[in-house]
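Given next are the chains, with one letter for each unit.
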Amino acid sequence: MWTQMRWNLYNILELWASGIGVNGHTCVLKSICEASQTPFNNDTGDIWHEVAHIIFSPYSSRDVTIDYLPLEYLSAAKVGLSQSCDQAFKECPKSLLQMLSYVL
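Residues numbered from 1 in each chain as written. Predicted model: local features only at pLDDT ≥ 70, side-chain atom pairs only at ≥ 80, totals over all residues. Heavy atoms only, no water.

A.B. asks: Describe the overall build of the protein chain, naming the residues involved and giving the relevant values.
C.D. replies: The secondary structure content of the protein chain amounts to six helices and zero strands. Order of helices (α) and strands (β) in the protein chain, N terminus to C terminus: α-α-α-α-α-α. Here the protein chain holds 104 residues, and 39% of them are scored as buried. Intrachain contacts of the protein chain at a sequence separation of at least 6 include 75% that bridge at least 24 residues. (Helix = DSSP H or I, 4+ residues; strand = E, 2+ residues; numbered from the N terminus. Buried < 20%, exposed > 50% of the residue type's maximum accessible area, 1.4 Å probe, protein only. Contact = heavy atoms within 4.5 Å.)

A.B. asks: I'd like a rundown of the packing of helix H2 (residues 24-37) against helix H4 (residues 71-79), residues and numbers included.
C.D. replies: Here H2 crosses H4 at 45°, and the two axes come no closer than 7 Å. It follows from the interaxial angle that H2 and H4 lie oblique. For the pair H2 and H4, the sense of crossing is right-handed. Together, His25, Val28, Leu29, Ile32, Cys33 and Ser36 of H2 and Glu72, Tyr73, Ala76, Ala77 and Val79 of H4 make up the contact between the two elements. Within the contact of H2 with H4, the residues separate by chemical class into eight nonpolar, two polar and one charged. (Axes fitted to C-alpha atoms, helices over the stretch in contact; angles between N-to-C directions. Parallel < 35°, antiparallel > 145°, perpendicular 65-115°, else oblique. Left-handed = near helix turned anticlockwise from the far one by under 90°. Nonpolar A, V, L, I, M, F, W, Y, C, P; charged D, E, K, R; others polar.)

A.B. asks: Describe in detail the state of the cysteines, supporting the description with residues and values.
C.D. replies: All chains considered together, the criterion is met by two disulfides. Through a disulfide, Cys27 is tied to Cys92; the S-S separation comes to 2.0 Å. When the S-S torsion is 110°, as for the bridge of Cys27 with Cys92, the disulfide is right-handed. Of this pair, Cys27 sits in helix H2 while Cys92 sits in the loop between helix H5 (85-88) and helix H6 (96-103), placing them 65 residues apart in sequence. (Disulfide = S-S within 2.5 Å.)

A.B. asks: Outline the nonpolar core, supporting the account with residue identities and numerical values.
C.D. replies: Core analysis: the biggest nonpolar cluster contains 23 residues, and Tyr10, Val28, Ile32, Phe56, Tyr73, Phe89 and Leu96 have the highest contact counts within it. Listed by contribution, the elements that provide at least two residues to this core are helix H1 (2-19), H2, helix H3 (47-55), H4 and H6. If you tally residues by element for this core, the top one is H2, at six residues. (Core = buried A, V, L, I, M, F, W, Y, C linked by side-chain atoms within 4.5 Å.)

A.B. asks: Account for the packing of aromatic side chains, with residues named and values stated.
C.D. replies: The geometry of an aromatic ring pair is captured by the separation of the ring centres together with the interplanar angle, meaning the angle of the planes. Tallying each qualifying case throughout the model produces one aromatic pair. Ring geometry for Tyr10 and Tyr73: centres 5.0 Å apart, planes at 25°, overall stacked. Placement of the pair is Tyr10 in helix H1 and Tyr73 in helix H4, with a sequence separation of 63 residues. The two residues Tyr10 and Tyr73 agree in class, both being buried. (Phe/Tyr/Trp six-rings, centres within 6.5 Å; stacked < 30°, edge-to-face > 60°.)

No statement about biological role is implied by the geometric values presented.
So, in structure tokens, the structure goes:
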């Protein structure tokens, strides 16, 4: 269930990002990458960071349907553990995480 909702949200975010003139798919992958680079600290009490981390962390749910999530989303999370997200996703000049934090 959670994986399907996350997948739907990724699609919505891709459409939104494409609508503002960036490569939506690549920017969602970059956001997943960035989320994996940032350790989650629940002590801050900042609900936005908690929600963003859950949304952009494909491994955050223990849902058996994780196998249905396209591998590129899971791979983007792994990239963030060892590489620069800016270098790996050059087609996305902006951070959706930062852009969304301004909106929220």
